[in-house]
Amino acid sequence: MSEVIDDYVKTEYEAGFVTEVDSETIAPGISEDVIRFISAKKNEPKWLLEWRLEAYEAWKIMEEPDWAHLNYPKIDLNEVSFYSAPKSMENAPKSLDEVDPELIATYNKLGIPLHEQEVLAGVAVDIVFDSVSIATTFKEKLAEAGVVFCPISEAVHEHPELVKKYLGSVVPQKDNYFAALNRAVFSDGSFVYIPKGVRCPMELSTYFRINEANTGQFERTLIIADEGSHVSYLEGCTAPMRDENQLHAAVVELVCLDDAEIKYSTVQNWYPGDENGIGGIYNFVTKRGICHKNSKISWTQVETGSAITWKYPSVILRGDNSIGEFYSVALTRNYQQADTGTKMIHLGKNTKSTIISKGISAGKSSNAYRGLVRMSPRADGARNFTQCDSLLIGDQCSAHTFPYIESKHPNAIIEHEATTSKVSDDQLFLCLQRGIETEKAISMIVNGFCKEVFKELPMEFAVEAGKLLEVSLEGSVG
Amino acid sequence: MLSIDNLQANVEDKNILKGLSLEIKPGEIHAIMGPNGSGKSTLGYVLSGREGYEVTGGTATLNGDNLFDLEADERAKKGLFLAFQYPVEIPGVSNMEFLKASVDTVREYQGKDALDTVSFMKLAREKCNAVNLDPHFLKRGVNEGFSGGEKKRNEIMQMMLLEPSLCILDETDSGLDIDALQVVADGVNACRDPNRSFIIVTHYQRLLDYIVPDKVHVLSDGKIIKSGGKELARELEKKGYSWIEKA
């Protein structure tokens, strides 16, 4: 493949700046004291501290998983600081006007204005900066509809009954090494509750930013859609360019009660490391939702960042007639590695799942799809359709597909399709011969490849995602 | 219009074009015929600037511009159009999106007004009808699942939209049945214009029954070894190429 393409896929990361704020960052390393410190910072009730400490005990004897198709030196948690927050957040600002202008400027620079009159119409935003949530917009407007959208640290105090009932109900304590670690040290994240029968009047979104050096981000998100409710939620993430790898180990839990629907979209653009593979975020994330009767969870992700991505947004289809969907675009370039996919666990009758995964590899990167479809013995009439497509740009990258299928029901229908293709010289030349420049041509070809996934994103973000791919693939655009 | 002088070109270090000269005046149609491997398709790719086709000598100018100083996309914007022998598919990119991008960039380069979406759609539908292509093809992926004949008609439709000054048709007739051939030929004839020239690369005389050339050239081993009027094509059909090659 031509050198021209190679040049285009080696581009700068645009969100890589550092915000100069005075932060309180605790010494690196993990211990019971660190957990007590975090819990005290958030003024947590005793049950939550104990919940954390139990997880810590469990985690201590767990092993870091090594089954993924990823190659990286072991993470030294003694070099990671588990809590960092801007000092200006010490006395929680009551409104945006009291938030440090430096922080507001950071988000303006990232294209996420926080003042309500400026933000995208109809999108409420929660902003998580290192270990704390610094602002949530449109809270009052949402409250009118009975919707709760706030930092999880606040929900612990304001809605203890919901938090106590559902926190950790989807991802159990010992689920995996990173989820157990998160349970012990999680700092902040978003909390959403949609009451019975309510259609959330606007899109909700959380924007995660890691700023401080040598700091990990361990956020925890909990979304509860009560019976018959509907919500669409989006998260975005960026981080500065640094030579050291930084750890991001989040947990997201979705609870979708009878007849409810949750649409969860991610545009992940953590710092991917430089063209030599130095630096970048290690993104080890556990995302899972549980569907009750007639409910639906739809995960859509566009993953362009991180040095390493390890995440498998999953759905437990517990209720009869429930539906799980996973739409994914994962782009890797330079030395990025991604091992991502989903798990669809069919427990209920007539449960359906759809998996559409699009992997794009460029440079020397490695991109793997890993997916599990499990049909339980009582999943009568269950059905899955999986499609995994890989697109290679250049000849030094790789794409892998690891499908796991476990069917314990004779009637279950499981379909799996996989393709691998290249951005061919023929396609590129056809575009050039029609006057379309290389940059535009590649982005057009890649966007075409991703179309099935992009159409699942909320409209404003579909445009954003397309642009993000363009920026990730090209030199001058954006 | 087009002036090629002593053109030499390599593909993967193998010398394919060995001193080809050709002069085409505005409004003329030139047919290039010749046996397999004589360099017919290479000529189209070299002129349009495909990567991997290395010019080792000679010149080619289009309307006074030295083609080899220009990138492939610039040559297209200057009005050079190549209709492909095997048009490639671009899944997920709609024909409409592709054509709009193409027409926009070419028009902008040529200093023409941009077409708004509505007028573009109208124009595109018109051109589809002209080549007997159902306008719903505009919504499908570029060449995605098109039959051989539909792909070729799609190429001619693009040619009509872009209004190039030089059109190179690379074996556009291959794989077409007689009805499709007629449609393609009608499309080309409808594009004839005193300011537009054509190079028609073909194996068979058949196409030239429908598109009557001003000149016919025989390409053999990277050189034009014989030129003549349209009657030369008929002679070739009867006698094959060997009588010229031996001569």
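Attention in this report is confined to the structure presented alongside it. All figures in this text were calculated on a predicted structure; none of them were measured in a lab.

Here is what the cut-offs are and how they apply
- Residues numbered from 1 in each chain as written.
- Chains lettered and ligands numbered in written order.
- Predicted model: local features only at pLDDT ≥ 70, side-chain atom pairs only at ≥ 80, totals over all residues.
- Heavy atoms only, no water.
- Helix = DSSP H or I, 4+ residues; strand = E, 2+ residues; numbered from the N terminus.
- Rg over C-alpha atoms; globule rule 2.2 N^0.38 Å.
- Buried < 20%, exposed > 50% of the residue type's maximum accessible area, 1.4 Å probe, protein only.
- Contact = heavy atoms within 4.5 Å.
- Areas by Shrake-Rupley, 256 points an atom, 1.4 Å probe, with all protein chains shown as cover.
- Polar contact = N/O pair within 3.5 Å; in protein donor to acceptor, adjacent residues only side chain to side chain.
- Buried area = accessible area lost by both parts, 1.4 Å probe.
- Salt bridge = Lys/Arg side-chain N within 4 Å of Asp/Glu carboxyl O.
- Nonpolar A, V, L, I, M, F, W, Y, C, P; charged D, E, K, R; others polar.
- Core = buried A, V, L, I, M, F, W, Y, C linked by side-chain atoms within 4.5 Å.
- Phe/Tyr/Trp six-rings, centres within 6.5 Å; stacked < 30°, edge-to-face > 60°.
- Lys NZ or Arg CZ within 6 Å of the ring centre and 35° of its normal.
- Expected span 1.5 Å × (residues − 1).
- Axes fitted to C-alpha atoms, helices over the stretch in contact; angles between N-to-C directions.
- Parallel < 35°, antiparallel > 145°, perpendicular 65-115°, else oblique.
- Left-handed = near helix turned anticlockwise from the far one by under 90°.
- Pairing = 2+ DSSP bridges.

## Some points on the overall build of chain B
- Looking only at helices and strands, chain B has nine helices and 12 strands in total.
- Taken over C-alpha atoms, the radius of gyration comes to 18 Å for chain B, in line with the 18 Å a tight globule of 247 residues would show.
- With the C-alpha coordinates of chain B rotated into their principal frame, the extents come out at 55 × 40 × 35 Å.
- Burial status across chain B gives 55% buried among its 247 residues.
- A fraction of 69% describes how many contacts in chain B between residues 6 or more apart in sequence connect residues 24 or more apart.
- When the accessible area of chain B is evaluated, it comes to approximately 10600 Å², of which 46% is carbon and sulfur surface.

## A look at the side chain of Lys287(A)
Residues and elements named next belong to chain A.
- Along the chain, the position of Lys 287 falls in strand β13 (residues 280-291).
- Polar side-chain contacts of Lys 287 include one of 3.2 Å to the side chain of Thr 266.
- When residues no more than four places from it in sequence are discounted, the contact partners of Lys 287 are Glu 235, Val 252, Tyr 264, Thr 266, Trp 299, Lys 311, Tyr 312, Pro 313 and Ser 314.

## Examining the interface of chain A and chain B
- Counting from both sides, the interface comprises 20 residues of chain A and, opposite them, 32 residues of chain B.
- On the chain A side of the contact with chain B, Phe429(A), Gln433(A) and Arg434(A) bury the most area, a combined 35% of that side's loss.
- Put simply, chain A and chain B have four salt bridges between them.
- The partner of Arg434(A) in a salt bridge is Glu155(B), and the shortest N-O contact between them spans 2.8 Å.
- On inspection of chain A and its partner chain B, the count reaches 11 residue pairs in polar contact (both at pLDDT 80 or more).
- Looking at the side of chain A that touches chain B, the elements with two or more residues in it are α9 (425-433) and α10 (438-454) of chain A.
- The greatest single-element share of the side of chain A that touches chain B, amounting to eight residues, is contributed by α9(A).
- Of the residues belonging to the side of chain A that touches chain B, the class tally is eight nonpolar, six polar and six charged.

## Quick look at the nonpolar core
- In this structure, Leu2(B), Leu47(B), Phe98(B) and Ile199(B) are the most contacted members of the largest nonpolar core, which totals 107 residues.
- A total of nine residues in this core trace back to one element, the largest contributor, which is α10(A).
- When neighbours within four sequence positions are excluded, Leu2(B) is seen to be in contact with Leu22(B), Glu23(B), Ile24(B), Leu47(B), Thr61(B), Leu62(B), Leu67(B), Leu166(B) and Ile199(B).
- Core analysis: the next-biggest nonpolar cluster, separate from the first, contains 36 residues, Phe149(A), Val231(A), Val252(A) and Ala260(A) among them.

## Regarding the packing of aromatic side chains
Residue and element names in this part refer to chain A.
- Per the stated rule, a full pass over the model turns up 21 aromatic pairs over all chains.
- On the numbers, 5.1 Å between centres and 90 degrees between planes, the contact of Tyr 177 with Phe 178 is edge-to-face.
- Site record: aromatic cluster; members linked through ring pairs are Tyr 56, Trp 59, Trp 67, Tyr 72, Tyr 177, Phe 178, Tyr 282, Phe 284, Trp 310 and Tyr 312.
- A cation sits over an aromatic face here: Arg 220 above Phe 186, 5.9 Å from the ring centre.

## So, helix α3 (residues 95-109) of chain B
Residue and element names in this part refer to chain B.
- Across its 15 residues, α3 extends 21 Å between first and last C-alpha, which sits within 8% of the 21 Å expected from 1.5 Å per residue.
- Of all the 15 residues making up α3, 11 are buried; the element is thus mostly covered by neighbouring parts of the structure.
- Of all the residues in α3, the buried ones are Asn 95, Met 96, Phe 98, Leu 99, Lys 100, Ala 101, Ser 102, Val 103, Thr 105, Val 106 and Arg 107.
- Two residues or fewer past α3, Gly 111 is found with a positive phi of approximately 70 degrees.

## Quick word on the packing of helix α4 (residues 117-130) of chain B against helix α5 (residues 148-162) of chain B
All names here are of chain B.
- Here α4 crosses α5 at 135 degrees, and the two axes come no closer than 9 Å. The angle between the axes of α4 and α5 places the two elements in the oblique class. For the element pair α4 and α5, the recorded crossing hand is right-handed. For the pair α4 and α5, the contacting residues are Phe 120, Leu 123, Ala 124, Lys 127, Cys 128 and Ala 130 in the first and Met 157, Met 160 and Leu 161 in the second.
- Partitioned by chemical class, the residues of the contact of α4 with α5 number eight nonpolar, no polar and one charged.

## Describing the pairing of strand β20 (residues 366-375) of chain A
Residues and elements named next belong to chain A.
- Judged by how many residues are buried, β20 sits mostly within the fold: nine of 10 residues are covered.
- Relative to β20, strand β18 (residues 337-346) is paired through 10 bridges, and the arrangement is parallel. Across the sheet, Met 344 pairs through a bridge with Val 373, a residue of β20.

## What to know about the sheet that holds strand β4 (residues 53-62) of chain B
Residue and element names in this part refer to chain B.
- Taken together, the four strands give an open sheet; going across it, the order is β2-β1-β4-β5, and neighbouring strands pair in antiparallel fashion. If you trace the sheet from one side to the other, it starts and ends with β2 (14-24) and β5 (65-66), each paired once.
- Pairing of strand β1 (residues 2-11) with β2 involves eight bridges; the strand directions are antiparallel. Note on β2: the bridge partner recorded for Ile 4 is Leu 22.
- In this fold helix α1 (residues 40-48) packs onto β1, β2 and β4, with an angle of close to 105 degrees to the strand it touches most, β1.

## Things to note about the packing of α9(A) against α10(A)
Residue and element names in this part refer to chain A.
- Between α9 and α10, the shortest axis-to-axis distance is 9 Å and the interhelical angle comes to 125 degrees. Here α9 is positioned oblique relative to α10, judged by the angle of their axes. Crossing of α9 against α10: the hand is right-handed. Packed against α9, whose contacting residues are Gln 427, Leu 428, Cys 431 and Leu 432, the element α10 presents Thr 438, Ala 441, Ile 442 and Ile 445 at the interface.
- By residue class, the composition of the contact of α9 with α10 is six nonpolar, two polar and no charged.

## Some remarks on the pattern of salt bridges
Residues and elements named next belong to chain A.
- Overall, the coordinates contain 32 salt bridges over all chains when judged by the stated rule.
- Among the salt bridges present, the one from Asp 320 reaches Arg 378, with a minimum N-O distance of 4.0 Å. In this pair, Asp 320 is assigned in the loop between β16 (314-317) and β17 (323-332) and Arg 378 in the loop between β20 and β21 (383-392), connecting sequence segments 58 residues apart.
- Residue class for Arg 378 comes out partly exposed when judged on its relative accessible area of 43%.

## Section: the side chain of Ser84(A)
Residues and elements named next belong to chain A.
- With respect to the secondary-structure elements, Ser 84 resides in strand β2 (residues 84-86).
- Exposure remark for Ser 84: the relative accessible area of 0% places this residue in the buried category.
- There is a polar contact of 2.9 Å between the side chain of Ser 84 and the side chain of Thr 25.

## Description of the pairing of strand β3 (residues 29-33) of chain B
All names here are of chain B.
- Taken across its five residues, β3 has five buried, putting it largely inside the fold.
- Burial of the side chains of β3 extends over both faces: Ile 29, Ala 31 and Met 33 are buried on one face and His 30 and Ile 32 on the other.
- As defined by bridge partners, β3 adjoins strand β10 (residues 197-201) across four bridges and the pair is classed as parallel. Bridge pairing in β10 links Ile 29 to Phe 198.
- As paired strands, β3 and strand β11 (residues 215-220) are joined by four bridges and run parallel to one another. Directly across from Ala 31, in β11, lies its bridge partner Val 216.

Scope: geometric values only; no functional claims are made or implied.
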